[in-house]
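The chain contents come next:
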Amino acid sequence: MSTNTETKKRTNMYENVMREFDKAADAMNLDPGVRKILAATQNEIIVHFPVKMDDGSIEVFTGYRVQHNNALGPYKGGLRYHPTVDIDAARALATWMTWKTALAGLPYGGGKGGIQLDPKKYSQSELERITRRFTYALGENIGPDLDIPAPDVNTNAQIMAWIADTFASTKAPNQRFEAFNVVTGKPVVSGGLEGRDRATGFGVVNSIKKWAEHTGEKVKGKKYIVQGFGNVGYWAAHFMNEEGAILTAVQDHTGTIRNDEGIDVEKLGEHVLQNGGIAGFTGAESVDGAGFFGFDCDICIPAALGNQITTDNAGSIKAKLIAEGANGPTDFAAEEILRDRNIQVIPDILCNGGGVIGSYFEWLQNRRSETWKIEDVLIRLEDLTGRAFDRVVKTADKYSVDWRTAAYIVALERLEQTYKERGVFP
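In this report, the structure presented in the accompanying data block is examined. Each chain carries its own residue numbering, running from 1 in the written order of its sequence. Side-chain atom pairs in this predicted model are given and counted only at pLDDT of 80 or more, local residue features only at pLDDT of at least 70, and totals for whole chains, interfaces and linings cover all residues. The side-chain numbers reported here are obtained from all heavy atoms of the structure, hydrogens and water having been left aside.

## Re the overall build of the chain
Defined as follows: In this description a helix means any DSSP run of H or I spanning at least four residues, a strand means any run of E spanning at least two, and both kinds are numbered starting from the N terminus. The size measure is the radius of gyration over C-alpha atoms, and the globule rule it meets is 2.2 Å times the number of residues to the 0.38 power. Using a 1.4 Å probe on the protein chains alone, a residue whose accessible area is under 20% of its type maximum counts as buried, one over 50% counts as exposed, and one in between counts as partly exposed. Reported accessibility uses the Shrake-Rupley method at a 1.4 Å probe radius. Residues are deemed covered only where the shown protein chains occlude them. Under the counting rule used here, the positive set is Lys and Arg, the negative set is Asp and Glu, and His together with the chain ends is not counted. Where a charge sits is defined by one atom per residue type, namely NZ (Lys), CZ (Arg), CG (Asp) or CD (Glu).
Scanning the chain from N- to C-terminus turns up 14 helices and 12 strands. Radius of gyration (C-alpha) of the chain: 21 Å, near the 22 Å computed for a compact globule of 426 residues. Along the first, second and third principal axes, the C-alpha set of the chain runs to 55 × 55 × 45 Å. For the chain, with 426 residues in total, the buried portion stands at 58%. Surface exposure of the chain reaches about 17,800 Å², of which carbon and sulfur atoms provide 48%. The chain carries 48 positive and 56 negative side-chain charges, and their two centres are separated by 3 Å.

Encoded structure:
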C-alpha cells in the first residue's frame, strides 16, 4: 500500500465521522449552538519524547491524545500503537468515543490516542520504556477523574499495567492507590476486570443476536467471516461458535484463510497466539485476500482497522449483515451502496460498545474496591448492550433513518439535553 493511499485513508476516517455527524444533526434538527460545540475537539495533545533503545541509541517518538468532549464525564478511550496513528485518526476515534459512551448511557466523554510506531519492530523492554516515557510525557493530561485510557490496537493489559504503575509513581504515597485507576483493561491481579478481555467481542455477538431477534433470523447455522483475529475478532468468533454459527474465512495482516466447511475457532486462536497471525494455519486453505469481503457468507464481522469496506468492494459483498467490530470499517460512500443493496449494518458505536461498557465496570469496581465475578459482568454487559440496541431501533423507526444515523441521534439527544440543562459557562 502506498503512502499516499495510507494518508488518504487516515484523513477519510475523520471526514467520515463529520459526515455521519452532520447527517444525524440534520435529521434531528440538533440545536445550532450544541452542534458547534460537538463539531470541535476540546483538547489535542501531541508529545515528542526520547527513549533509549536496547543498543544504547536514542529514538524520538510522537504520541497523541485527543479529548473530544467531557460533558457527560471523564474522557474515555483507547491507546493504539500503530504506524497509522496521527492527529486526524485520533480526532476521529475520540469523537466516535463520545458518541459511543453517550449511546451506551455511560458517564463518560470521548478520548483517543496512541503512538505512531510498529510495535513488532521493538523488544518487550523497549516497548516498556516507550510506554512509560509516553505516560510521563502525558503527565496530568490523564487521570482517574479526567481521562482514562484503555487498550486498543496493538496494546494490551501489560501495557495498561505499565501506564498505571508509571502514573501512580508520580503521585504522593497516599494518592497512589487511586491513581492506578487511570487506565482500564489492566491485568486482573492488578485491579482489572474479569471478562474485560472478551467484552468487545461479546458485545458484537450480542448485537448480532439482537439483530436476529429483530428480523426473525437465527444465528445458529449462519456462515460468517471475520477480518482481524486479534482480541475482538477472536472473542467474537468464540461467542459466535457458541451460538452455532460457522466461521468460513478469516483475514488478518499475515494473510487470508478459507474453509467453507468451517474453521475451528479455538485451534485458530491457539495458532495465532503462538505464531502472531493466521498464516500457516493448517485447518483452512490459504487464499488470495483481494476479494475477501466478496466471499459467500451470511454475516461479515470487520474487526481490524478503519476504512476497509469502500466503494471498491461494497458492491461485491454477499453478507446480509455487517457487524462492525472495528472502529469506522465502512466508508461513508460505501454505506450508501450497502443500503441500496439492502445489506444491514450494525454501526461501530453500537456494535463494539461492549469494550467501553466493560471498561466502565472495571472503573466502578476499582472505585468501590470490589471484585466482580465474570458471570455478573457478562449479564450486565448483555443488559446494557441490549438496551442500547433497542434504543437505536426505536429511534430509527421514529426518524425513518438507518441504524447508524439513529445511533448518532440517540447519542446527540443525550448530549443536547445535557447542554440545554446546564447551559454554557460564560
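## Details of the packing of aromatic side chains
Pairs of aromatic rings are described using the distance from one ring centre to the other and the angle between the two planes. Inclusion rule: Any two rings among Phe, Tyr and Trp, with Trp reduced to its six-membered ring, count as a pair given centres within 6.5 Å; such a pair is stacked if its planes are under 30 degrees apart, edge-to-face if over 60, and tilted if neither. The criterion for a charge sitting over a ring is simple: Lys NZ or Arg CZ within 6 Å of the ring centre, and within 35 degrees of the ring normal.
In this structure the tally under the stated criterion is 17 aromatic pairs. Seen from their ring centres, F49 and F134 are 5.7 Å apart, and the 25° between their planes marks the pair as stacked. One end of the pair, F49, is in strand 1 (residues 43–52); the other, F134, is in helix 4 (residues 124–138), with 85 residues separating them in the sequence. Accessibility classification places F49 together with F134 in one group, the buried group. Aromatic pair Y360 and F361: ring centres 6.2 Å apart, planes at 45°, arrangement tilted. Aromatic rings pair up to connect Y108, Y360, F361, W363 and W372 into one cluster. Over the aromatic face of F295 sits the side chain of R258, whose NZ or CZ is 4.4 Å from the ring centroid. Here the guanidinium or amino end of R380 rests over the ring plane of W372, the centre of that ring lying 4.1 Å away.

## Description of the pattern of salt bridges
Condition: The salt bridge definition used is simple: a Lys or Arg side-chain nitrogen within 4 Å of an Asp or Glu carboxyl oxygen.
Under the defined criterion, the tally for this structure stands at 31 salt bridges. The shortest N-O distance in the salt bridge between R35 and D22 comes to 3.3 Å. One end of the pair, R35, is in helix 2 (residues 32–38); the other, D22, is in helix 1 (residues 3–28), and 13 residues separate them in sequence. Take R35: its relative accessible area is 22%, and that puts it in the partly exposed class. Here D22 falls in the partly exposed class, since its relative accessible area comes to 32%. Several salt bridges converge on common partners, so that one network encompasses E20, K23, E324, E335, R339, D348, D402 and R404.

## So, helix 8 (residues 231–242)
Spelled out, the test is: Here a helix's expected span is defined as the number of its residues, less one, multiplied by 1.5 Å. Two residues qualify as a contact provided that any one of their heavy atoms is within 4.5 Å of a heavy atom in the partner residue.
In this model, helix 8 (12 residues) spans 17 Å end to end at C-alpha, consistent with the 16 Å of a helix rising 1.5 Å per residue. Of all 12 residues in helix 8, 9 are buried; the element is thus mostly enclosed. Of the residues making up helix 8, those classed as buried are V232, G233, Y234, W235, A236, A237, H238, F239 and M240. Those residues of helix 8 that are buried are in contact with helix 7 (199–215), strand 6 (223–227), strand 7 (246–252), helix 9 (265–275) and strand 10 (299–302). Positive backbone phi, approximately 90°, marks G244, located one or two places after helix 8.

## Points about helix 4
One turn of an α-helix holds 3.6 residues; hence residues three or four places apart share an orientation. Under the convention used in this document: Taken from the helix axis, the directions to the C-beta atoms give the arc we talk about.
Between its first and last C-alpha, helix 4 extends 21 Å over 15 residues, near the 21 Å set by a 1.5 Å rise per residue. Of the residues making up helix 4, those classed as buried are E126, L127, I130, T131, F134, T135 and L138. Looking straight down helix 4, one finds that the buried residues subtend no more than 165° of arc, so they occupy a single side. Just downstream of helix 4, G139 is the residue with a positive phi angle, here 55°.

## Topic: the sheet that holds strand 3 (residues 75–81)
Quick note on the threshold: One bridge is not enough; two strands pair if DSSP finds at least two bridges between them. The angle between two axes is taken between their N-to-C directions and runs from 0 to 180 degrees, where each axis is a line fitted to C-alpha atoms and a helix contributes only its stretch in contact.
Read from one edge to the other, the open sheet built from 5 strands follows the order 1-2-4-3-5, with strand pairing classed as mixed. Of all strands in the sheet, those with a lone pairing partner are strand 1 and strand 5 (147–151), marking the two edges. Averaged over all adjacent pairs, the angle separating strand axes in this sheet is 20°, with direction ignored. Examined bridge by bridge, strand 3 and strand 4 (residues 109–115) share 5 bridges and lie parallel to one another. If you follow L79 over to strand 4, its bridge partner there is G113.

Any functional reading would require information that these geometric values do not contain.
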